Amino acid sequence: MSTPNLNVHVCQFLDRWKTRLVQDLNAIPEDKLNEGLGANSRTALNIAAECGAINQVWIGFFETGFVTFMATEDEPAFYAKYNTRKLVLGLIEETCLRLTELFMALDPAKFAETTDAFRGRTMTYLQLAEFPTVHMCYHDGQLNYIQTLLGDDAIHWGV
């Protein structure tokens, strides 16, 4: 059996969950995208925009080797900027495309190397490359929950 191509695997994993996130965001009614459903709940657009923001963090890492999060004081302006479905979907598509480019350009041997660039934790580059996907998966679950609170219990993506 041949060795799987990790570059392709990581990109396919990213694309599958990006597609599911996009499908679930598209299933939320337009008039509910910026509506919180409880006292401290986040909106669907805020949740999805965070996926794009975190993707930007990992783009920065794979371009520079450094993990740099957005400054807390910059978050309100960032989320205010991404206040429509079209803008958030564009951010997600753009960041996933750039991650795909970076992952495909990575020497496959690099995936086995370790770094402590993420909060001092020793992790492989493969673990870090999977982080944006796992993050989108987590937030897709939140979008699913918002859908159920809105009375929609359909699955909007296939396996």
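Scroll up to find the structure.
Residues numbered from 1 in each chain as written. Predicted model: local features only at pLDDT ≥ 70, side-chain atom pairs only at ≥ 80, totals over all residues. Heavy atoms only, no water.

When its secondary structure is counted, the protein chain shows five helices and two strands. For the protein chain, the C-alpha radius of gyration of 16 Å lies close to 15 Å, the compact-globule estimate for 159 residues. Overall size of the protein chain, expressed as C-alpha extent along the three principal axes, is 45 × 40 × 25 Å. Here the protein chain, with 159 residues, has 40% of them falling under the buried criterion. For the protein chain, restricting intrachain contacts to residue pairs at least 6 apart in sequence, the fraction spanning at least 24 positions comes to 74%. Taken as a whole, the protein chain presents about 8700 Å² of accessible surface, with 55% of it coming from carbon and sulfur. (Helix = DSSP H or I, 4+ residues; strand = E, 2+ residues; numbered from the N terminus. Rg over C-alpha atoms; globule rule 2.2 N^0.38 Å. Buried < 20%, exposed > 50% of the residue type's maximum accessible area, 1.4 Å probe, protein only. Contact = heavy atoms within 4.5 Å. Areas by Shrake-Rupley, 256 points an atom, 1.4 Å probe, with all protein chains shown as cover.)

Contact geometry of helix H1 (residues 6–27) with helix H4 (residues 85–105) gives a least axis separation of 9 Å together with a crossing angle of 175°. Between H1 and H4, the angle is such that the two are roughly antiparallel. Across the interface between the two elements, Asn-7, Val-8, Val-10, Cys-11, Leu-14, Lys-18, Leu-21, Val-22, Leu-25, Asn-26 and Ala-27 from H1 touch Arg-85, Val-88, Leu-89, Ile-92, Glu-93, Cys-96, Leu-99, Thr-100, Phe-103 and Met-104 from H4. For the contact of H1 with H4, the per-class residue count stands at 15 nonpolar, three polar and three charged. (Axes fitted to C-alpha atoms, helices over the stretch in contact; angles between N-to-C directions. Parallel < 35°, antiparallel > 145°, perpendicular 65-115°, else oblique. Nonpolar A, V, L, I, M, F, W, Y, C, P; charged D, E, K, R; others polar.)

With that settled, consider a nonpolar patch on the surface. A cluster of nonpolar residues, Leu-37, Tyr-145 and Leu-149, forms a patch on the protein surface that exposes about 310 Å² of accessible area. Within the element layout of this structure, Leu-37 appears in the loop between H1 and helix H2 (44–64). Look at Leu-37 and you get partly exposed, because its relative accessible area is 36%. (Patch = residues over 30% accessible without salt bridge, like charges linked within 9 Å, V, L, I, M, F, W, Y side chains within 5 Å. Salt bridge = Lys/Arg side-chain N within 4 Å of Asp/Glu carboxyl O.)

For the pair H2 and helix H5 (residues 125–149), the least separation of the axes is 9 Å and the interaxial angle reads 175°. As the angle between them shows, H2 and H5 are arranged roughly antiparallel. Counting all contacts with H2, which are made through Ala-44, Ile-47, Glu-50, Cys-51, Ile-54, Asn-55, Trp-58, Phe-61 and Phe-62, the residues of H5 involved are Tyr-125, Leu-128, Ala-129, Phe-131, Pro-132, His-135, Met-136, His-139, Gln-142, Leu-143 and Ile-146. Residue composition of the contact of H2 with H5, by class: 15 nonpolar, four polar and one charged.

So, about the environment of Pro-108. Locating Pro-108 in the fold gives a position in the loop between H4 and strand S1 (114–118). Separated by 101 residues in the primary sequence, Pro-108 and Asn-7 have C-alpha atoms spaced 6.5 Å apart.

Where S1 lies against strand S2 (residues 121–124), three bridges are found, and the strand directions are antiparallel. Looking at the pairing, Thr-114 lines up with Thr-124 of S2. Taking the residues between adjacent antiparallel strands as the criterion, S1 and S2 are bridged by two residues, where Arg-119 takes a positive phi near 55°. (Pairing = 2+ DSSP bridges.)

All right, on to the nonpolar core then. Leu-25, Trp-58, Phe-62, Val-88, Phe-103 and Leu-143 are the most contacted members of the largest nonpolar core, which has 43 residues in total. Put simply, the parts of the chain that give this core at least two residues each are H1, H2, helix H3 (75–81), H4 and H5. The dominant element in this core, judged by the number of residues it contributes, is H2, at 13 residues. If we skip the residues at most four places from it in the chain, Trp-58 touches Val-67, Leu-99, Phe-118, Leu-128, Phe-131 and Pro-132. (Core = buried A, V, L, I, M, F, W, Y, C linked by side-chain atoms within 4.5 Å.)

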